[in-house]
Amino acid sequence: MFKTMEKLTKRLGKRKKESEALHRFVREQTLLTLCRKVPVTMSATIIVATSFFIFVWPYVDRDFLTFWYGSVLFLAFERIFYAFGGCRYGESSLEKRYRRFRIEIVLMALLWAFAAFAFFPEGSVEYELLHAIIILGVSAGGAITLAIDRRMADTYIVLLLSSLAARLLICGDLLHTILFVMALVFMAVFLISTRQLSRILEKGIRQHGELGELRRRFDLIADQAPVGILYFDKEYNIVDCNRALARQIGVSKKRIMEFNLLRLQDQRPVKNIRKVIEERESIHYGGPYRVAATGREIWISILFSPLYDQSEELIGGIAVVQDKTAEYEAMEKAEFLAYHDSLTRLPNRKLLEDRYRLQIAQATRENYFSALLFLDLDKFKHINDTYGHKVGDELLKETAHRLQKILRQSDTVCRLGGDEFIIFLPMISTQLQESVEHTWQVCRKIHRALGKIYRIDEHRLYVTTSIGVVMIYGKEESLDEVLRVADIAMYHAKKRGTGMTSFYEEEMDRQLKYTIELEQGLRHAIDRKEFSLRYQPIVDIANGKIHGAEALLRWKSPEGNMIPPNEFIPVAEESKLIHQIGHWVIEEVCRHLAEWHKKSGFSLAYISINISSKQLNHQGFFDEVMQIVENHGVDPHLVKFEITESVLMEENERTRDVIAKFNEAGIGFMIDDFGTGYSSLSYLKQFDFETIKIDKSFIRDILTDEDDVTLVQAMLDIAKQFGYTVIAEGVETDEQKNRLKTINETMLCQGYFYSRPLTEEDFLKRIGVSI
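Residues numbered from 1 in each chain as written. Predicted model: local features only at pLDDT ≥ 70, side-chain atom pairs only at ≥ 80, totals over all residues. Heavy atoms only, no water.

Attention now goes to the sheet that holds strand β11 (residues 465-472). Strand order across the open sheet formed by five strands is β7-β8-β6-β11-β12, with mixed pairing between neighbours. At either end of the open sheet lies a strand with only one pairing partner, and these are β7 (412-417) and β12 (501-503). Adjacent strand axes in the sheet meet at a mean angle of 20°, parallel and antiparallel pairs treated alike. Strands in contact with helix α13 (residues 389-405) are β6 (369-377), β7 and β8 (420-429); relative to β8, the strand with the most contacts, it is inclined by about 5°. (Pairing = 2+ DSSP bridges. Helix = DSSP H or I, 4+ residues; strand = E, 2+ residues; numbered from the N terminus. Axes fitted to C-alpha atoms, helices over the stretch in contact; angles between N-to-C directions. Contact = heavy atoms within 4.5 Å.)

Membership of the largest hydrophobic core comes to 79 residues, with the highest contact counts inside it found for F641, F662 and L740. For this core, the leading source of residues is helix α18 (residues 578-597), giving 10 residues. Residues in contact with F641, not counting those within four places in the same chain, are I586, I609, I611, F621, V625, F662, I667, G668, F669 and M670. Core analysis: the next-biggest nonpolar cluster, separate from the first, contains 46 residues, M42, A109, I134 and F180 among them. (Core = buried A, V, L, I, M, F, W, Y, C linked by side-chain atoms within 4.5 Å. Buried < 20%, exposed > 50% of the residue type's maximum accessible area, 1.4 Å probe, protein only.)

On to a negative patch on the surface. On the surface, D323, E329, E332 and E335 cluster together into a negatively charged patch. It is helix α10 (residues 325-339) that contributes the most residues to the negative patch, three residues altogether. When you line up the elements, D323 lands in strand β5 (residues 314-323). (Patch = residues over 30% accessible without salt bridge, like charges linked within 9 Å, V, L, I, M, F, W, Y side chains within 5 Å. Areas by Shrake-Rupley, 256 points an atom, 1.4 Å probe, with all protein chains shown as cover. Salt bridge = Lys/Arg side-chain N within 4 Å of Asp/Glu carboxyl O. Lys, Arg positive; Asp, Glu negative; His and termini not counted. Charge placed at Lys NZ, Arg CZ, Asp CG, Glu CD.)

The next point concerns helix α14 (residues 432-451). Its 20 residues give α14 an end-to-end C-alpha distance of 28 Å, which sits within 8% of 28 Å, the value for a rise of 1.5 Å per residue. Taken together, the buried positions of α14 are S435, V436, T439, V442, C443, I446, A449 and L450. Buried positions in α14, seen along its axis, are confined to an arc of 150° and lie on one side of it. Within α14, the exposed residues directed more than 90 degrees away from the buried face are Q433, E434 and R448. (Expected span 1.5 Å × (residues − 1). Arc of directions from axis to C-beta.)

Before going further, it helps to examine the packing of aromatic side chains. Counted under the stated rule, the structure contains 25 aromatic pairs. Taking the centre distance of 6.1 Å and the plane angle of 40° together, the rings of F531 and F568 count as tilted. On the criterion of sequence distance, the pair formed by F531 in strand β13 (residues 531-540) and F568 in helix α17 (residues 565-574) is long-range, its members being 37 residues apart. Exposure remark for F531: the relative accessible area of 7% places this residue in the buried category. F568 gets classed as buried once you look at its relative accessible area, which sits at 0%. Centroid distance Y535 to W596: 5.1 Å. Interplanar angle 70°. Geometry classified as edge-to-face. Of this pair, Y535 sits in strand β13 while W596 sits in helix α18; the two residues are 61 residues apart in sequence, bridging distant segments of the chain. Here the aromatic residues F621, F622, F641, F662 and F669 are joined through ring pairs into a cluster of three or more. Over the ring of Y339 we find K350; its NZ or CZ atom is 5.0 Å from the centre of that ring. The ring centre of Y454 lies 3.8 Å from the NZ or CZ of R402, which sits over that ring. (Phe/Tyr/Trp six-rings, centres within 6.5 Å; stacked < 30°, edge-to-face > 60°. Lys NZ or Arg CZ within 6 Å of the ring centre and 35° of its normal.)

A sheet is described by the order of its strands in space; here five strands give the open sequence β2-β1-β5-β4-β3, paired in antiparallel fashion. In this open sheet, the two edge strands, each paired with only one partner strand, are β2 (238-241) and β3 (283-290). With strand direction ignored, the average angle separating the axes of adjacent strands in the sheet is 25°. As judged from the five bridges shared by strand β1 (residues 228-232) and β5, these two strands associate in the antiparallel manner.

Applying the stated criterion across every chain yields a total of two cavities of 30 Å³ or more. The volume enclosed by the largest cavity comes to roughly 210 Å³. Forming the walls of the largest cavity are 17 residues, and the residues nearest its centre are L230, L245, I249, L264 and Y289. Only α7 (243-249) and β4 (297-308) provide two or more residues apiece to the lining of the largest cavity. Per-element accounting of the lining of the largest cavity gives the leading share, four residues, to β4. Here the residues of the lining of the largest cavity sort into 16 nonpolar, one polar and no charged. (1 Å grid on protein atoms, 1.4 Å probe; cavity = no way out; pocket = protein on both sides within 12 Å on 5 of 7 lines; lining within 4 Å. Points joined across faces, edges and corners; volume = space filled by probe spheres on them. Nonpolar A, V, L, I, M, F, W, Y, C, P; charged D, E, K, R; others polar.)

The element β11 is largely enclosed, with a buried count of seven among its eight residues. When β6 meets β11, the two strands line up antiparallel, connected through eight bridges. Residue pairing across strands places L373 opposite V469, the latter belonging to β11. Judged from the three bridges that link them, β11 and β12 form a sheet pairing that is parallel.

Below, the structure written as C-alpha cells:
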C-alpha cells in the first residue's frame, strides 16, 4: 500500500511539474508575443497621438495638452526600447517582466483615458464625433493587440471607454446620451470579442507549447539515441544528424552536414542509395566503412529508408547507423581463438587438422614426403613449480617465437597444450633421403634455437626439448594416428635423455603396446598374488658369513613367465603404481622379519629394500613405513632402504629431511649402484648414509682392468673417509672375491658367487634358521 501511495505521489508530482512548466511556457510566449507587437503599436500610437494633439490644440488648455503629448511620447519610446531588448532590463524573473509590461499598459491606458475625458471638444458635434472615433479606434487597437492577455486587454478597454462614456454622460442631452449608450455597447462588444480572441490565442500557444515539448523530447531522444541517425534530402545532401553518429565516425556534426552521400569517398555503404529516392525502397548495408576524414575503418550496419512529410510527400530519406566494430572485433577474436592458442597465438589443433588434411592430400597425389614433429620441453614442470606460471607462460611464448623463425612459410607450428608443440613439414621432397635429411636439419635448428638462454624477468633459464618424428608418405593417415605414433617417438626420445630426437619405428609401437600390457597386468598383480620376494645374501668377504640380505621383487605373469624388474619397475613408476607395489614389498619384508625373529638361529643385521625417488618423496611415506614397522613389531634397525644416486638430484632439501627422519627412527640408507650416477662428494656430505654399494660394472673387469681397481680403491677411500660400510655388487667368481680381498678385507660382497636370489624357504635354510 505504501509503495502504491509513493508511486501515486511521484506521478502527481511529475504532472504538477509538467503543468507548471507548461504555464510558464504560456506566460513566456504571451509576453514575447506582446513584445513583438510593441514597435508597431507604439508607432501607431505616436501617429494617432500626434494627430490628436493637432486636432484638439485649438479647443483645450495647451499646457495640459503638451504635458499629455510629451508623456505619451516618452512612454511610447520607452516601451519601444524595452521591447527591442526582449522585454528585459536585466530582470531574471518572468513575473517581474510581466508585471512591468502590465504597468506600462495601464499607464498608457490612463493617459488615453485622461485625453478622452479632459480633451473632449464640447460644442462642435463634428469634432466630438471625431474625438469619440479616435478613442474608439485606440480602444479597438488595444483590444486586438492585447487580446492574448485578456485581463490586460479588458483593463485597457474599460479605462478608455468608461472615461469616454462618463464624459458623454456629463453633457446630458439626447445626442450625447445616445453616444454614451453606444460607447457602452462598443465596450461590451470589445470585451466579448477580446475574451473569445484571447481563448483562441491562448489555446494556440498551449498547443504550440505541447507540440514544442513533444518536438523537444523527440529531438532529445533522437540526439541521445544509442544508434546514429541522419536525414538527407532528395539530392542526398545530409541535412541533420544526431550526436551518436558523430561519435561513431569521429567527425563533428557540422562537418557531417556538409556531406553528400553520392560523393562519399567510400561508396560501399551507399552503393544502392538511389533506390531510396527513385524507387522508394529501404536498403540495408552491413560491412566495413572507411571514414575519409580520419582514415579509420569501422564496421557498420546501416538501414536507409524513404522519409515522408504529413501529406505523404517524399522529402528525402533517413538512415539508422549502428557501430558494429566492437562486435566484429569480438567475433574476429573469437574466430581467431577458435583456431589459435590464446597464450602463444600459434595455430591450435583444429587449425592444424585443417591444414594437415589439405596439404597431406596434395602430398599424396604428388608423391611427396612430409614429416610431423612432436616436441615436449624437458622438465618444464620444474620451471613452473620453481619460478611460477607467469615465468612459465613467458617461456612458452618465447619458445613459440623461436620456432616460427626457423620454419618455412608452408610449415605449421602448433601448440598442442601445456609444453607440447607440433610442427608439420608438408611436401618436403619426393625422395626419402632428402626428406629425412631436411627433417634432421630442422630438428637440429630446433635444438639450437631452444638451447639458447632464455632471459625472463631477472631469470636466466635453459631449456632442452625432446622431439619425436614421423615421416609420412603414400597414404592419407589421420592426424590422430600420426600424432599417436609421433608421441611414441617423443616418449622414446625422452627415455634416451634430455634434448634428444627419435624417428618413429614400428618397434617403438610394439614396445609401447607391451608397456601398456605391463601396466594393465601390474594393476591386478597384487590381488592375483603374482608378486613374490627373493632374498640375496650379503656376505662378509673376510669370513664368508652372511651379514644381511637384499629383498628383490619378482613378478610371475598369469601365463607363467617371469618378467624382469628392469621392465616392469619403470612402468610402475610411470603409472604411479610403484606406491602400491612398494607398500606391499615393505609390508611383506616386515612380516617375514617378524616371523623369522621368533625362530631360533636368526642373526642377520638387516634386510635392505630398494625404493624409488617417487616413493621417498611421496607425501606421508615416512608415516606409512613406520606404521607398517610398528604393526609387525619389527626393530627398525633391521630395515634398510637402498636408493640410487639419481634420487639425490631430485628435490634435494626434501630428500635430505626425509632421510634424516628415517635415520632418527632407526632405518638406515644405502647408496645403490654407487659410481654410475651423479657421484659428488657434496652429496655424501649432505646426506647421512650407512653404506655404499659399488656397482657391478666396476667388479666385472677388476681382474683385467687396472682402472677399475683404481676406481674401487678410490671408492673404498671415500667410504673410509665418511665412515661408510662398503658392499661390492656382482661378485661372480672366486677370483673376483680374492682380488677384492687383496684390496680391502673389511668390505661386504653380494653376487652369484655367494648365492642367487633365494625364496624365503631356501633363504632360511641358507642362514640356518629352522623352519
